[in-house]
Amino acid sequence: MATLTPLPALDRAESVSRALADFIVRSALRPGDRLPTERALMEALAVGRSTVREVIRQFQARGIVESRKGSGTYLLRALTAGSVSFPMTIDTGALRDRLLQTLEVRRGLEVEASAVATCRAGDADIAAMEQKLIEMERVHFDKGTAGREDLAFHLAIYDATHNPLFRQLLEQIREAFEHFFEKPFDRPDFARRSFPFHRELFDAIRSRNTALARDKTIAILAIVEEDIKAMSQ
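Since the model is a prediction, treat every value here as computed from it, not as a measurement. (Residues numbered from 1 in each chain as written. Predicted model: local features only at pLDDT ≥ 70, side-chain atom pairs only at ≥ 80, totals over all residues. Heavy atoms only, no water.)

Enquirer: Quick question: what am I supposed to make of the environment of G147 here?
Expert: By the secondary structure assignment, G147 is in helix α6 (residues 147–160). On a C-alpha basis, the gap between G147 and A191 in space is 9.8 Å, while along the polypeptide they are 44 residues apart. (Helix = DSSP H or I, 4+ residues; strand = E, 2+ residues; numbered from the N terminus.)

Enquirer: I tried to follow the pattern of salt bridges on my own but got confused; where do I start?
Expert: Should the charged atoms of two oppositely charged side chains come close, the side chains can pair. Taken as a whole, this structure holds 17 salt bridges when the rule is applied. Across the salt bridge formed by E66 and R68, the nearest N and O atoms sit 3.1 Å from each other. Residues participating in the shared-partner salt-bridge network are E38, R49 and R53. (Salt bridge = Lys/Arg side-chain N within 4 Å of Asp/Glu carboxyl O.)

Enquirer: Hey, could you run me through the pairing of strand β2 (residues 72–75) in this one?
Expert: The side chains of a regular strand alternate, residue by residue, between the two faces of the sheet. Direction of pairing for strand β1 (residues 65–68) relative to β2: antiparallel, over a ladder of 4 bridges. By the bridge assignment for β2, S67 is matched with T73. Counting the residues between successive antiparallel strands, the hairpin from β1 to β2 contains 3 residues, one of them, G70, with a positive phi of roughly 80 degrees. (Pairing = 2+ DSSP bridges.)

Enquirer: For this particular structure, what's the right way to read the packing of helix α4 (residues 95–120) against α6?
Expert: Relative orientation and spacing of two packed helices are given, respectively, by the angle between their axes and the distance between those axes. Where α4 contacts α6, the two axes come as close as 7 Å, and the packing angle between them is 60 degrees. With respect to their mutual orientation, α4 and α6 come out oblique. At the point where α4 passes α6, the crossing takes the left-handed sense. Across from E110, A113, S114, A117 and R120 in α4, the residues of α6 making contact are H154, I157, Y158 and A160. Among the residues making up the contact of α4 with α6, the classes are represented as 5 nonpolar, 2 polar and 2 charged. (Axes fitted to C-alpha atoms, helices over the stretch in contact; angles between N-to-C directions. Parallel < 35°, antiparallel > 145°, perpendicular 65-115°, else oblique. Left-handed = near helix turned anticlockwise from the far one by under 90°. Contact = heavy atoms within 4.5 Å. Nonpolar A, V, L, I, M, F, W, Y, C, P; charged D, E, K, R; others polar.)

Enquirer: Looking at this structure, I do not really get unusual backbone geometry. What am I missing?
Expert: Where the residue is not glycine, phi is negative for most of them; where a peptide bond is considered, it is trans in most cases. For A191, which is not glycine, the phi dihedral falls at a positive 60 degrees. Looking at the secondary structure, you find A191 in the loop between α8 (178–182) and α9 (195–206). Judged by relative accessible area, which is 12%, A191 ranks as buried. Phi at R208 takes a positive value of approximately 65 degrees, unusual for a residue other than glycine. (Buried < 20%, exposed > 50% of the residue type's maximum accessible area, 1.4 Å probe, protein only.)

Following this line, the structure appears as structure tokens:
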């Protein structure tokens with residue numbers, strides 16, 4: 001049976017990702033097999049719960065594992081030594097420039113994801129999207145900001161494309177700036193002006209209006225770009 005060993009202090013999330021992927025391969029786990037528990041991973045790798053949960057979330061976003069409430073985390077697809085991708089790393093020394101560069105890539109992906117969702121979203125996808133939007137609106141009206149809920153809404157759109165690459169690529173772009181998106185520029189009002197466009201984007205997807213869905217996504221990202229430029233001066 002393969003074993004897990006403690007990791008050095010630096011680059012914990014990436015190291016845990018690699019260690020877990022290697023463990024899955026060396027243990028010859030198959031789809032449907034259960035992974036070690038959170039506590040077992042924490043103890044074996046000498047890392048905290050938040051690191052383990054972040055890695056599991058990344059694996060879920062890539063369609064590698066599935067967490068079942070009250071049961072554990074299960075492998076969804078078999079892995080080989082070269083089949084696992086890891087979060088891209090970006091030099092954040094010039095944060096403003098890097099954010100604008102990644103936004104250019106995000107714009108192409110997110111606009112297309114919204115358009116594809118108008119064609120492929122089923123009733124369950126629309127319901128999931130609406131649920132995330134309602135929660136986003138609730139938190140926004142209560143706190144004035146809803147970063148995590150905003151992300152959940154967009155993830156529901158990516159899932160509605162039924163093309164897992166949209167979610168995988170966009171999740172990795174965002175993960176490269178994970179700490180930034182927790183509190184962008186230490187400003188709770190970052191991209192707040194884009195809030196009304198999310199309801200309009202949902203309505204466009206639900207009504208199968210591809211052109212309008214593209215336009216609303218572009219409008220949201222235009223505000224993000226404006227705020228990056230304004231708040232990083």
